[in-house]
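Close look at the chain arrangement
Each chain is listed here by its residues.
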Amino acid sequence: MLLLAARKWKGGWSGGILYAILLVSSLLCLFPLVHVVAVSFSSSHAAASGSVVLWPEEATLSSYRFVFRQRQFLEAAWISAQRVALATAVGFVLTGLAAYPLSREPREFAGRTLYAWYFAFVLFFGGGLIPLYMTVKDTHLLDTIWALVIPGAVPVFNVLLLLNFFRGLPRGLEESAKLDGAGHFKVLLRIYLPLSLPALATTTLFTMVAHWNNWFDGLIYMNAKDNYPLQTLLQTIVIAKDAQFSSIQDAAAMALISDRTVHSAQIVVAAFPILLVYPFLQRFFIKGIVLGSVKE
Amino acid sequence: MKASRWKNQWPLHLMIWPAVALLFVYSYVPIAGALFMAFQKFNPAKGVFASPWVGLDNFRYIFSMPDMGRVLFNTVYIASMKIVAGLLVPIAFALMLNEVRVAAVKRTFQTLVYLPHFLSWVILSGILIDILSPSEGIVNKAIAGIGLQPVFFLTDNRWFPFVLVTSDVWKEFGYATIIYLAALTSINPALYEAAEIDGASRWKRTIYVSLPGMAPIIVLMAALSLGNVLNAGFEQIFNLYNALVYESGDVIDTLVYRIGLEQAQYSVATAVGLFKSLVSMFFIVISYGLAYRFANYRLF
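Quick summary incoming for the structure in this document. These figures come from a predicted structure and were not determined experimentally.

Scoring rules and cut-offs
- Residues numbered from 1 in each chain as written.
- Chains lettered and ligands numbered in written order.
- Predicted model: local features only at pLDDT ≥ 70, side-chain atom pairs only at ≥ 80, totals over all residues.
- Heavy atoms only, no water.
- Helix = DSSP H or I, 4+ residues; strand = E, 2+ residues; numbered from the N terminus.
- Buried < 20%, exposed > 50% of the residue type's maximum accessible area, 1.4 Å probe, protein only.
- Contact = heavy atoms within 4.5 Å.
- Areas by Shrake-Rupley, 256 points an atom, 1.4 Å probe, with all protein chains shown as cover.
- Lys, Arg positive; Asp, Glu negative; His and termini not counted.
- Charge placed at Lys NZ, Arg CZ, Asp CG, Glu CD.
- Polar contact = N/O pair within 3.5 Å; in protein donor to acceptor, adjacent residues only side chain to side chain.
- Buried area = accessible area lost by both parts, 1.4 Å probe.
- Salt bridge = Lys/Arg side-chain N within 4 Å of Asp/Glu carboxyl O.
- 1 Å grid on protein atoms, 1.4 Å probe; cavity = no way out; pocket = protein on both sides within 12 Å on 5 of 7 lines; lining within 4 Å.
- Points joined across faces, edges and corners; volume = space filled by probe spheres on them.
- Nonpolar A, V, L, I, M, F, W, Y, C, P; charged D, E, K, R; others polar.

Here's the deal with the overall build of chain A
Counting secondary structure elements, chain A contains 16 helices and zero strands. Looking at chain A residue by residue over its 296 residues, the buried ones come to 53%. Counting only contacts in chain A whose residues sit at least 6 apart along the sequence, the fraction spanning at least 24 positions is 67%. As displayed, chain A has an accessible area near 13,500 Å², and 69% of this comes from carbon and sulfur atoms.

Listed below in structure tokens is the structure:
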């Protein structure tokens with residue numbers, strides 16, 4: 001591909017510098033990620049000796065074997081999967097249902113402006129960490145999966161994104177459907193949602209990624225570590241270095257794995273679903289983000 | 001007339017109410033809670049209705065804390081550097097990427113650089129802690145390789161803010177580039193052709209065609225970023241800092257976390273949070289006002 005680019009090139013030395021800067025900065029961006037993958041597949045000895053750069057040395061799957069035998073790690077991954085599924089479903093329904101009325105003109109929907117400000121206000125002002133925690137506690141969500149789903153169930157940003165998309169759709173279809181006797185619910189379900197696939201793909205991707213990545217709510221709303229989602233558990237292990245988890249006791253295993261290679265493997269496993277998802281949705285996503293960029 | 005309007009519109013109210021109710025409980029109730037708790041000596045056993053009122057004592061206390069000035073400074077300092085770098089780097093990268101004429105190459109670069117945006121700060125911090133480690137990290141191995149002393153990136157107050165800003169740029173610049181690139185693609189190619197015929201060099205075309213073409217979106221992003229002047233990036237700092245770098249890295253949000261959830265001084269933490277929310281709202285309103293005035297930007 002680069003050769004192709006070079007052949008088309010007419011720009012002389014300034015073009016060469018340009019390509020060099022682009023190439024170097026892109027590689028610098030990826031370097032830490034590739035390095036951590038290489039460490040995760042290397043033996044503890046090779047990793048400690050500093051010989052691992054971008055390719056595994058003394059390649060082994062031992063770290064991954066260790067990670068996939070940790071019951072708590074697997075259970076945390078399952079909790080994360082559940083929260084993503086629940087939050088995506090709940091968020092999808094709530095976003096669609098809220099965006100449609102908000103996309104009406106005020107004369108079609110009395111109170112539309114008031115409702116819109118009611119939604120937008122939470123983007124400007126929040127009660128802060130402690131009052132939210134108290135509310136989650138008082139509504140008895142602590143230590144349940146719903147603590148990870150319900151408090152942020154209305155993604156206001158997604159609602160705004162979708163309502164602006166709805167407003168850009170041609171009104172003709174809707175009017176003829178209404179003449180045929182279709183009500184608001186039918187118009188939303190049969191016309192607006194099918195026509196909004198790019199925007200819906202974008203908002204759904206945002207929701208899924210945000211929920212897979214969210215670690216902080218797990219940290220504050222879960223008292224029992226057994227209830228941690230994956231990213232929270234990862235935070236506890238890799239960042240907070242909770243001693244409970246840094247116990248590679250098996251002497252035979254120690255020869256091949258260390259905290260460092262195991263942490264790297266855990267990081268790679270936790271990042272893997274994201275790497276899997278994002279290239280596929282890219283086509284929709286770029287459309288959606290451009291639309292979102294005009295309306296932040 | 002009124003009745004027929006209701007007949008037409010009740011489904012719209014029905015649709016919006018689930019979201020309205022949830023926002024009420026998890027956004028508006030906490031706001032009300034903050035307005036109580038910040039002026040009380042809050043006791044969770046008694047709740048907001050029975051806890052004793054203390055007037056402005058919590059606010060007096062927080063502004064008499066010896067660390068407060070430093071924390072405010074760190075917050076604004078780190079956030080401002082991130083705002084500036086977060087504007088300049090993506091603009092520069094978009095301008096360079098725009099010069100790449102082969103669509104597939106352009107897209108490949110773009111896809112590679114916005115990957116970190118999608119990874120959490122837990123993952124990125126885990127990686128940073130590994131590569132920046134003074135003993136085992138690859139960065140310090142390289143530094144040792146050219147004969148220099150190891151750098152304690154995450155425990156040295158001279159380096160820590162720099163690490164925060166650089167790693168924030170690493171995570172976000174690729175994603176921000178998308179927006180500027182979209183603006184560049186919508187510039188009329190005839191303008192470039194005309195400039196070329198007039199003998200404008202690549203540099204001149206960038207200055208006189210590309211930059212003016214991007215100007216509206218640059219103004220918009222700059223205006224909106226003003227609202228982040230107190231957001232130094234809690235998730236990033238929380239996962240990278242430690243007691244050794246409180247001096248240069250402790251910010252309002254991390255302080256609220258430690259006071260509130262580690263020391264259980266609920267009212268003090270709430271007062272700090274409320275103070276931050278109020279100042280932030282002031283900046284956000286200004287930023288949206290500017291965005292509306294100069295870029296005709298509207299939320300809905």
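More follows now that the structure is in view.
Brief notes about the overall build of chain B
Within chain B, the regular secondary structure consists of 13 helices and zero strands. Listing each helix as α and each strand as β along chain B from the N terminus yields α-α-α-α-α-α-α-α-α-α-α-α-α. For chain B, the spread of C-alpha atoms along the principal axes amounts to about 80 × 75 × 30 Å. Counting across all 300 residues of chain B, residues that qualify as buried make up 54%. By sequence separation, contacts in chain B at least 24 residues apart represent 65% of the contacts at least 6 residues apart. Within the structure as shown, chain B displays about 13,800 Å² of accessible surface, and the carbon and sulfur contribution to it stands at 67%. Separation between the mean location of the 21 positive side-chain charges and that of the 16 negative ones in chain B comes to 12 Å.

Here we look at the side chain of Asp253(B)
Residue and element names in this part refer to chain B. Inspection of the secondary structure assignment puts Asp 253 in helix H12 (residues 252-262). There is a polar contact of 3.0 Å between the side chain of Asp 253 and the side chain of Lys 276. In contact with Asp 253, not counting residues within four places along its chain, are Asn 231, Phe 234 and Lys 276.

Considerations on the interface of chain A and chain B
Contacts between the two partners involve 105 residues from chain A and, on the opposite side, 91 residues from chain B. Counting each side, the surface lost to burial between chain A and chain B is near 8,900 Å², with a carbon and sulfur contribution of 77%. When the buried surface of chain A facing chain B is broken down by residue, Tyr118(A), Phe124(A) and Phe125(A) rank first, second and third, together holding 8% of it. In this structure, the connection of chain A to chain B is made through one salt bridge. Arg260(A) serves as the salt-bridge partner of Asp130(B), at 2.6 Å between the closest nitrogen and oxygen. Where chain A touches chain B, the interface holds 15 residue pairs in polar contact (both at pLDDT 80 or more).

Considering empty space enclosed by the protein
Residue and element names in this part refer to chain A. All told, the structure shown has three cavities of 30 Å³ or more when counted by the stated rule. Its boundaries defined by the atoms lining it, the second largest cavity holds a volume of some 60 Å³. Along the walls of the second largest cavity sit Thr 88, Gly 91, Phe 92, Thr 95, Pro 155, Asn 158, Leu 200, Thr 203, Thr 204 and Thr 207, which together make up its complete lining. Elements that contribute at least two residues to the lining of the second largest cavity include exactly helix H5 (71-102) and helix H11 (197-213). Looking at side-chain class alone, the lining of the second largest cavity contains three nonpolar, seven polar and no charged residues.

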